[in-house]
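Report on the structure
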Amino acid sequence: MTTLLKQVLKKQVYPAMGCTEPVSTALCAAKAASLVKGKIIKANIFVDNATYKNGLAVRLPNTKKERGNLLAAALGLIIKKPELDMEILKAATPAKVKEAKKLLTNDIVQLKVKNKKTFYIETQVLTDKKEKATAIICTHHTNFVYLSLNGKILKNEKNIKKETNSFNDLLKNATLVSLVK
């Protein structure tokens, strides 16, 4: 197998439980929530247009046929286990679904579309202890490019678009023969 094919498999193939857009939305929310200690009193979720559309009405695993990115984000805030990666919704229980719905009923979680040309999810949380955390996933479903807590940047990957474009250009120009050599 060529190096390029290995890169494709490493970046694009992983276990996931459910449609990747809402699962990734839950993952991003879980990461931001895991950074804080206090009770979350406000969460703003921003997604690109395609993520919004693709995750709008899709069913979520372990939720008795509940749907959408908004509930997925609320579940991520409750579950707080980003180490579960794209299988985060396997930790959804009826009690956690009920708790997540309470966040939605109390207008704690808001979902907005951000005009981005690439896959993008951002979660900003605020707690009762005045903690603020932000997590951003960009370009693919598990790629955290930015994390911050109380104004301190924990992770900030610059040039992500350049790297992604380079990878995509390699794939566009690859032939089947070059992938399997």
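Residues numbered from 1 in each chain as written. Predicted model: local features only at pLDDT ≥ 70, side-chain atom pairs only at ≥ 80, totals over all residues. Heavy atoms only, no water.

Some points on helix α5 (residues 94-105)
Along its 12 residues, α5 runs 16 Å from first to last C-alpha, staying within 8% of the 16 Å computed at 1.5 Å per residue. Looking only at α5, the buried set comprises Val-97, Ala-100 and Leu-103. In an axial view of α5, the angular spread of the buried residues amounts to 115°, which keeps them on one side of the axis. In α5, the exposed positions that point more than 90 degrees away from the buried face belong to Pro-94, Ala-95, Lys-98, Lys-102 and Thr-105. At its buried positions, α5 is contacted by α4 (69-79) and β2 (109-113). Immediately downstream of α5, the backbone of Asp-107 shows phi near 60°, a positive value. (Helix = DSSP H or I, 4+ residues; strand = E, 2+ residues; numbered from the N terminus. Expected span 1.5 Å × (residues − 1). Buried < 20%, exposed > 50% of the residue type's maximum accessible area, 1.4 Å probe, protein only. Arc of directions from axis to C-beta. Contact = heavy atoms within 4.5 Å.)

As for the sheet that holds strand β4 (residues 132-138)
Read from one edge of the open sheet, six strands run β2-β1-β3-β4-β5-β6, paired in mixed fashion. In this open sheet, the two strands that pair with only one neighbour each are β2 and β6 (152-156). Adjacent strand axes in the sheet meet at a mean angle of 10°, parallel and antiparallel pairs treated alike. Where β4 and strand β5 (residues 144-149) come together, five bridges link them in antiparallel fashion. Counted as the bridge partner of Ala-133 is Leu-149 from β5. Running over the sheet, helix α2 (residues 20-34) touches β1 (40-47), β3 (120-127), β4 and β5 and is turned about 35° from β3. (Pairing = 2+ DSSP bridges. Axes fitted to C-alpha atoms, helices over the stretch in contact; angles between N-to-C directions.)

Let's talk about the nonpolar core
The nonpolar side chains of a soluble globular protein tend to be buried with one another. Ranked by internal contacts, the top residues of the largest apolar core, which has 41 residues, are Ile-40, Leu-75, Leu-77, Leu-89, Val-109 and Val-125. In this structure, Ile-136, Cys-138, Val-145 and Tyr-146 belong to the second largest nonpolar core, which totals five residues. (Core = buried A, V, L, I, M, F, W, Y, C linked by side-chain atoms within 4.5 Å.)

What about the packing of α2 against α4?
Axis separation between α2 and α4 bottoms out at 7 Å; the angle between their running directions is 35°. As α2 packs across α4, the resulting crossing turns out to be right-handed. Listed contacts from α4 to Glu-21, Pro-22, Thr-25, Ala-26, Ala-29, Ala-30 and Ala-33 of α2 are Asn-69, Ala-72, Ala-73, Gly-76 and Leu-77. By residue class, the composition of the contact of α2 with α4 is eight nonpolar, three polar and one charged. (Left-handed = near helix turned anticlockwise from the far one by under 90°. Nonpolar A, V, L, I, M, F, W, Y, C, P; charged D, E, K, R; others polar.)

Some remarks on the packing of aromatic side chains
All chains considered together, the criterion is met by zero aromatic pairs. Over the ring of Phe-46 we find Lys-114; its NZ or CZ atom is 5.0 Å from the centre of that ring. (Phe/Tyr/Trp six-rings, centres within 6.5 Å; stacked < 30°, edge-to-face > 60°. Lys NZ or Arg CZ within 6 Å of the ring centre and 35° of its normal.)

Points about the side chain of Asp-48
Summarising the element assignment, Asp-48 is placed in the loop between β1 and α3 (49-55). Although Asp-48 lies buried, it forms no salt bridge, and the closest oppositely charged side chain, Lys-53, sits 9.1 Å away as judged by the N-O distance. In this view, Asp-48 contacts Val-113, Lys-114, Lys-116, Thr-118, Phe-119 and Tyr-120; residues no more than four positions away in its chain are not counted. (Lys, Arg positive; Asp, Glu negative; His and termini not counted. Salt bridge = Lys/Arg side-chain N within 4 Å of Asp/Glu carboxyl O.)

What to know about unusual backbone geometry
One non-glycine residue with positive phi stands out, namely Lys-64, at about 55°. Along the polypeptide, Lys-64 turns up in the loop between α3 and α4. Even without a glycine there, the phi angle at Asp-107 is positive, about 60°. Tracing the backbone shows Asp-107 in the loop between α5 and β2. Residue classification places Asp-107 among the partly exposed residues on the basis of a relative accessible area of 47%.

The values reported here are purely geometric and, on their own, carry no functional implication.
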